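# Report on the structure
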Amino acid sequence: MASEKNTKTSTANNSKGAVFDAVVVGAGFAGMYMVYRLREMGLNVVACEEGDGVGGTWFWNRYPGARCDVESMEYSYEFSEALQQEWNWTERFASQAEILSYANHVADRFDLRPHIRFSTRVESAHFNERSNRWQVTTSAGNKLNARFCIMATGCLSSTNMPSIPGLDDFAGNFYHTGRWPQEGVDFSNRRVGIIGTGSSAIQSIPLVAEQAKSLTVFQRTATYSIPARNEALSASEIAETKANYAQLRADNKKQPAAFGARFKRGGGSALAASPKAVQKDLEARWELGGFGFMAGFNDFLLNEDANALAAEFVRNKIRGIVSDKATAELLCPDQIIGCKRLCFDTNYYDTYNRDDVHLVSVKNKPIERVTPNGLVTNDVEYVFDDLIFATGFDAMTGSLLRMDIRGRDGERLQDKWHAGPRTYLGLNMHGFPNLFTITGPGSPSVLANMVVATQQHVNWICAALKQMQADDKTLIEAEADAEDQWVEYVNTLASHTLYPTCNSWYLGANVPGKPRVFMPHLGFPAYVERCEEIVSAGYRGFAFS
Ligand code: N01
């Protein structure tokens, strides 16, 4: 496998379009690092990005209060020591604006922009069996032709807009948190309605409430939220982390979700501990804030009785914060805690103590329709100037399935995945040679620190490509048996936990008609070990030709 052309921007053209070694779809954290590494390998690479800037998730999700729940100094690239030493995060949890500046800094520092075509959406990717190459078409009407096609499309980038009748007739403005206007939105003096109470809503509700004339929250499922306890990072904390960065990164990779080595982890069962000890532990973790909340005992996500202890603890906190008893009870979730993604907030529950904030449950009666003036549910019309859809994403598979991807024999990805996604390692699929999915379904992806997970995948792909170069191979493709076994293994891992018990987006349960399959692989270290073991066994389960 020799590079077709080793220049940065110019490419050869043939009747099948501009010729590249690799097309990368997306210029978020995964796409940018993929471009960087492929260029380093001497390959001619182009990335197509729908947005007019880099950053992916952090480009689109500009809603008020958007910030990352993973600590900033851990949610960052480690591939360049100079980069991690020179960049200064200002807060424990970085804001969307700061993460986006970081992404822009990376793009400039490593001169990635000449390889990226912005405002360019990939519409289709078809494998041509005669040439053994991928033919890609874009929204700009361009054709690209490449040996490798790498999907760096993100797991939470395809928005989920519920189809509520009447939306087109709404006289006000409506927004989805995942496609927030770049110029921002001023809600001063506006009556605002927000649909959804997931992470995006929980972050935005307190800030929108502060600005708007009134805010009404439409809640289908109450959510558990833990205080984030965001704060400014001190110079000494930054210096200490930077002095030991390599160790922190290595320790994080041994953690189940590839971050949080600094959380104090407990060991045993919550049921074996005294009720007083469990309360004390949860209380201390509530005060600390963040993802460490459920790290005190190892059976919170394995045993319903253990889980109930943490769930009741949070419900009691809600009852203690929200003064109106009926509102507090409506805000108390009744499902397994942690089964849906835990949320982290700044003043979320307190916001319901404001006179201008109202909570409406749509649990038993869905939102019936949008009217020119607002929306109707429970036979009541609520009047708004603006509506916010914090209704989440068609996670993990949405962005891939919205493209027309076809492998061998013209097999459509939509058909291959009609009963749920099937991959080998979340990286590649049988029938789709030389097509890679960074943090695809079947890998830890959304259950891990995404920056760590994307780097691990990019590094794995580059090592495989180097092996192909060394062996003079053209194609890499998952074998059917290996893929079948992997899908079964990922499902089995989840079935030993409480994760499949609630209607989460991990299962695709938030999108009507989506097959109910638990998509991510549980546990980052075990996954990495499997990847490495497969490589050591001569890329077991992959066919090279
Ligand atoms: O989306 P969600 P999100 N009628 O799917 C409701 C990451 N993230 O954008 O639970 C009424 O969690 C839906 O109700 P239900 C993070 O991984 C990270 O908030 O399906 N309601 C739910 O309440 C997160 O998990 C960060 O019953 C409807 C809400 O909309 C993921 O992105 C910040 C409805 C959707 O919640 C997604 O979070 C933000 C309908 N028709 C996001 N349809 C940080 O790191 C949907 N809902 C901080």
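You'll find the structure just up there.
Parameters and conventions
Residues numbered from 1 in each chain as written. Predicted model: local features only at pLDDT ≥ 70, side-chain atom pairs only at ≥ 80, totals over all residues. Heavy atoms only, no water. Helix = DSSP H or I, 4+ residues; strand = E, 2+ residues; numbered from the N terminus. Rg over C-alpha atoms; globule rule 2.2 N^0.38 Å. Buried < 20%, exposed > 50% of the residue type's maximum accessible area, 1.4 Å probe, protein only. Contact = heavy atoms within 4.5 Å. Areas by Shrake-Rupley, 256 points an atom, 1.4 Å probe, with all protein chains shown as cover. 1 Å grid on protein atoms, 1.4 Å probe; cavity = no way out; pocket = protein on both sides within 12 Å on 5 of 7 lines; lining within 4 Å. Points joined across faces, edges and corners; volume = space filled by probe spheres on them. Domains from an automatic or database assignment. Near = heavy atom within 4 Å. Polar contact = N/O pair within 3.5 Å; in protein donor to acceptor, adjacent residues only side chain to side chain. Nonpolar A, V, L, I, M, F, W, Y, C, P; charged D, E, K, R; others polar. Salt bridge = Lys/Arg side-chain N within 4 Å of Asp/Glu carboxyl O. Pairing = 2+ DSSP bridges. Phe/Tyr/Trp six-rings, centres within 6.5 Å; stacked < 30°, edge-to-face > 60°. Lys NZ or Arg CZ within 6 Å of the ring centre and 35° of its normal.

Moving on to the overall build of the chain. Of the regular secondary structure elements, the chain holds 16 helices and 21 strands. Over its C-alpha atoms the chain spans a radius of gyration of 24 Å, differing by no more than 12% from the 24 Å that the globule rule assigns to 545 residues. In terms of its C-alpha atoms, the chain occupies a principal-axis envelope of roughly 70 × 55 × 45 Å. Counting every position in the chain, which comprises 545 residues, the buried fraction comes to 57%. In the chain, 70% of the contacts between residues at least 6 apart in sequence involve partners at least 24 apart. Just so you have it, the chain exposes about 21800 Å², and 49% of that area is on carbon and sulfur atoms.

What follows covers the layout of surface pockets. Here the second largest pocket defines a volume of roughly 560 Å³. Along the wall of the second largest pocket there are 29 residues; nearest its centre are Q203, P206, D345, T346 and N347. Mapped by element, the contributors of at least two residues to the lining of the second largest pocket are α4 (96-109), α5 (199-211), β12 (343-345) and α11 (348-351). Counting residues per element, the lining of the second largest pocket draws most heavily on α5, which supplies five residues. Summarising the domain contributions, the lining of the second largest pocket has at least three residues from each of domain 1 (8-159 + 395-544) and domain 2 (161-223 + 340-392).

Another aspect to go through is the site of the ligand. As a matter of local geometry, the ligand sits amid 22 residues, with R67, S200, R220, T221 and K340 nearest to it. Between the ligand and D69 there is a distance of 3.2 Å, counted from an oxygen atom to a backbone nitrogen or oxygen. Between the ligand and W505 there is a distance of 3.0 Å, counted from an oxygen atom to a side-chain nitrogen or oxygen. Relative to its free-state accessible area of 910 Å², the ligand is covered by the protein chains to the extent of 88%. Per-element tally for the shell around the ligand: the top contributor is α5, with three residues. Class assignment for the residues of the shell around the ligand results in eight nonpolar, nine polar and five charged. In terms of domain composition, the shell around the ligand takes at least three residues from each of domain 1 (8-159 + 395-544) and domain 2 (161-223 + 340-392).

If you walk through the whole model with that rule in mind, you get 31 salt bridges. Here R406 ties to D404 by a salt bridge, and the two come within 2.8 Å at their closest N and O atoms. Of the residues examined, R406 reaches a relative accessible area of 28% and is grouped as partly exposed. E483 serves as the salt-bridge partner of K416, at 2.6 Å between the closest nitrogen and oxygen. Here K416, found in helix α13 (residues 413-416), pairs with E483, found in helix α15 (residues 480-495); they are 67 residues apart in sequence, far enough to count as distant. K416 gets classed as buried once you look at its relative accessible area, which sits at 12%. Here E483 falls in the buried class, since its relative accessible area comes to 3%. Linked by salt bridges that have partners in common, E312, R315, R319 and E329 make up one network.

Attention shifts here to the sheet that holds strand β15 (residues 374-377). Taken in spatial order, the three strands of this open sheet run β14-β15-β16, and their pairing is antiparallel. Looking at the sheet topology across the chains shown, the edges are occupied by β14 (369-370) and β16 (380-383). Alignment of β15 against β16, held across four bridges, turns out to be antiparallel. Looking across to β16, one finds that V376 is bridged to E381.

Inspection of the secondary structure puts A261 in the loop between α7 (245-252) and α8 (275-288). Along the chain, A261 and S76 lie 185 residues apart, while their C-alpha atoms are 15 Å from each other.

Per the stated rule, a full pass over the model turns up 43 aromatic pairs. Plain terms: the ring middles of W58 and Y75 are 5.9 Å apart, the flat faces sit at 85° to each other, and that makes the pair edge-to-face. Of the two residues, W58 sits in helix α2 (residues 57-60) while Y75 sits in the loop between α2 and α3 (81-86), which places them 17 residues apart along the sequence. The burial state of W58 is the same as that of Y75; both residues are buried. Centroid distance Y424 to F542: 4.8 Å. Interplanar angle 45°. Geometry classified as tilted. In this pair, Y424 is assigned in the loop between α13 and β19 (435-437) and F542 in strand β21 (residues 542-544), connecting sequence segments 118 residues apart. Among the aromatic side chains, those forming a connected cluster through ring pairs are F29, Y33, Y36, W58, Y75, Y77, F79, W87, W89, Y102 and F110. Over the aromatic face of F59 sits the side chain of R62, whose NZ or CZ is 4.7 Å from the ring centroid. Above the plane of the ring of W60 lies R179, whose end atom (NZ or CZ) is 3.9 Å from the centre.

Read these as layout, nothing more, since geometry by itself doesn't imply function.
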